[in-house]
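Listed here are the chains, written in short residue letters.
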Amino acid sequence: MRPLDETETTVVFEKIFKFVGNNLKNIVENPSHEGPESEPGRYCFRLQKSRVYYVSESLVKRATNISRKSLVSLGTCIGKYTHAGSFHLTIMSLNLLAANAKHKVWLKPTSEMSFLYGNHVLKGGLGRITDSIVPGDGVVVFSMSDVPLGFGIAAKSTQDCRKLDPNGIVVLHQADIGEYLRDEDEL
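Remember, it's a predicted structure, so these values are computed and weren't measured experimentally.

Reading the values: the criteria
Residues numbered from 1 in each chain as written. Predicted model: local features only at pLDDT ≥ 70, side-chain atom pairs only at ≥ 80, totals over all residues. Heavy atoms only, no water. Helix = DSSP H or I, 4+ residues; strand = E, 2+ residues; numbered from the N terminus. Rg over C-alpha atoms; globule rule 2.2 N^0.38 Å. Buried < 20%, exposed > 50% of the residue type's maximum accessible area, 1.4 Å probe, protein only. Contact = heavy atoms within 4.5 Å. Areas by Shrake-Rupley, 256 points an atom, 1.4 Å probe, with all protein chains shown as cover. Lys, Arg positive; Asp, Glu negative; His and termini not counted. Charge placed at Lys NZ, Arg CZ, Asp CG, Glu CD. Expected span 1.5 Å × (residues − 1). Arc of directions from axis to C-beta. Core = buried A, V, L, I, M, F, W, Y, C linked by side-chain atoms within 4.5 Å. Domains from an automatic or database assignment. Pairing = 2+ DSSP bridges. Axes fitted to C-alpha atoms, helices over the stretch in contact; angles between N-to-C directions. Salt bridge = Lys/Arg side-chain N within 4 Å of Asp/Glu carboxyl O. Polar contact = N/O pair within 3.5 Å; in protein donor to acceptor, adjacent residues only side chain to side chain. UniProt positions renumbered as here; feature names shortened; annotations may be inferred.

1. With respect to the overall build of the chain
Here's step 1: Counting secondary structure elements, the chain contains seven helices and 12 strands.
Here's step 2: At 18 Å, the chain has a C-alpha radius of gyration in line with the 16 Å of a compact globule built from 187 residues.
Here's step 3: Along the first, second and third principal axes, the C-alpha set of the chain runs to 55 × 35 × 30 Å.
Here's step 4: Within the chain, the fraction of its 187 residues that count as buried is 42%.
Here's step 5: Partitioning the intrachain contacts of the chain with sequence separation of at least 6 by distance along the chain shows that 56% fall at a separation of at least 24.
Here's step 6: When the accessible surface of the chain is totalled, it reaches about 10,400 Å², and 52% of it is carbon and sulfur.
Here's step 7: Placing the 22 positive and 21 negative side-chain charges of the chain at their respective mean positions leaves the two points 2 Å apart.

Here you go:
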């Protein structure tokens, strides 16, 4: 497990910034109250076998006793690098994104299952949407009872959604909590 280098950090922060905006500062400066120290520590990003983890510094210090080959996971896996070198956020980063989300979409109860099966969010299933969303923004998808279901990329702006037909795509699916069941072998 090693720290991210400068280019890797830039790529990871750009991807997270797409979803949380200026709240990225809250993620980076989040105090950690883990470990025996009385002073709160910090969280950091570490790379292990092409996966990026969000982990407290005190846990990283304690994990130095474990060899890299034996270490399977540490902290929260927020994403992974592909063979081509691009970075993809995984569903395990949902709690981090939902707590700091800049743009949110709420689904009607009738369309929640469709989203959880991996389908895009349609206008007919949209319950509420935050203002000032532009196409290409990262969006966190919630149920009407404020339970985070997943995240995706906005296909239409907030204004375009108002005049869109019910079968038009509003949010392009990227990840949802149904992946815990569909892809449990890979997670």
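Having seen the structure, we can now continue with the description.
2. Some details on helix α1 (residues 6–20)
Here's step 1: Its 15 residues place the ends of α1 20 Å apart at the C-alpha level, agreeing with the 21 Å of an ideal helix rising 1.5 Å per residue.
Here's step 2: Listed as buried for α1 are Glu8, Val12, Ile16, Phe19 and Val20. Viewed along the axis of α1, the buried residues span an arc of 85°, placing them on a single side of the element. Along α1, exposed side chains directed more than 90 degrees from the buried face belong to Glu6, Thr7 and Glu14.
Here's step 3: Within two residues after α1, Gly21 carries a phi angle of roughly 60°, on the positive side.

3. Considering the nonpolar core
Nonpolar side chains tend toward joint burial in soluble globular proteins.
Here's step 1: Counting 27 residues, the largest nonpolar core has Val12, Ile16, Phe45, Val52, Ile78, Leu97 and Phe151 as the members making the most contacts within it.
Here's step 2: Split by domain, the residues of this core number at least three in each of domain 1 (2–96) and domain 2 (103–181).
Here's step 3: Of all hydrophobic cores here, the second largest spans 15 residues; its members include Leu107, Phe115, Val121 and Val170.

4. Thoughts on the sheet that holds strand β8 (residues 121–122)
Remark on secondary structure: sheet strands pair via backbone hydrogen bonds, oriented parallel or antiparallel.
Here's step 1: The strand order across the open sheet built from six strands is β8-β12-β11-β10-β7-β9, with neighbouring strands paired in mixed fashion. Because the sheet does not close on itself, it has two edges, and the strands there are β8 and β9 (126–129).
Here's step 2: For β8 and strand β12 (residues 169–176), the ladder comprises two bridges, and the chain directions are antiparallel. For Val121, the partnering residue across the bridge sits in β12 and is Val171.
Here's step 3: Its contacts with the sheet place α1 against β10 (138–143), β11 (148–154) and β12, and it is angled at close to 105° to β11.
Here's step 4: The strands touched by helix α5 (residues 109–116) are β7 (104–107), β8, β10, β11 and β12; relative to β11, the strand with the most contacts, the crossing angle is about 75°.

5. Considerations on the pattern of salt bridges
Two side chains of opposite charge can pair, provided their charged atoms sit close to one another.
Here's step 1: Under the counting rule described, the total for this entry stands at two salt bridges.
Here's step 2: Residues Glu8 and Arg2 are paired through a salt bridge, measuring 2.8 Å at the closest nitrogen-oxygen approach.
Here's step 3: Taking the shortest distance from any N to any O, the salt bridge between Asp176 and Arg182 comes out at 2.9 Å.
Here's step 4: We classify Asp176 as buried; its relative accessible area is 0%.

6. What to know about the side chain of Asp176
Here's step 1: Here Asp176 is to be found in strand β12.
Here's step 2: Only 2.4 Å separates the side chain of Asp176 from the side chain of His173, close enough to count as a polar contact.
Here's step 3: Those residues in contact with Asp176 that lie beyond four places of it in its chain are Ile91, Phe115, Leu116, Gly118, Leu149, Gly150 and Arg182.

7. Some points on the environment of Glu29
Here's step 1: You can see Glu29 is positioned in the loop between α2 (24–28) and β2 (31–32).
Here's step 2: The class for Glu29 is partly exposed, based on a relative accessible area of 41%.
Here's step 3: For Glu29 and Leu149, which are 120 residues apart along the polypeptide, the C-alpha to C-alpha distance reads 25 Å.

8. What to know about the UniProt feature "domain: PUA" (unreviewed entry) in the chain
Here's step 1: UniProt feature "domain: PUA" (unreviewed entry): in the numbering of this structure it lies at residues 103–178.
Here's step 2: For the annotated span residues 103–178, helix accounts for 17% and strand for 41% of the residues, and the straight-line distance between the end C-alpha atoms is 21 Å.

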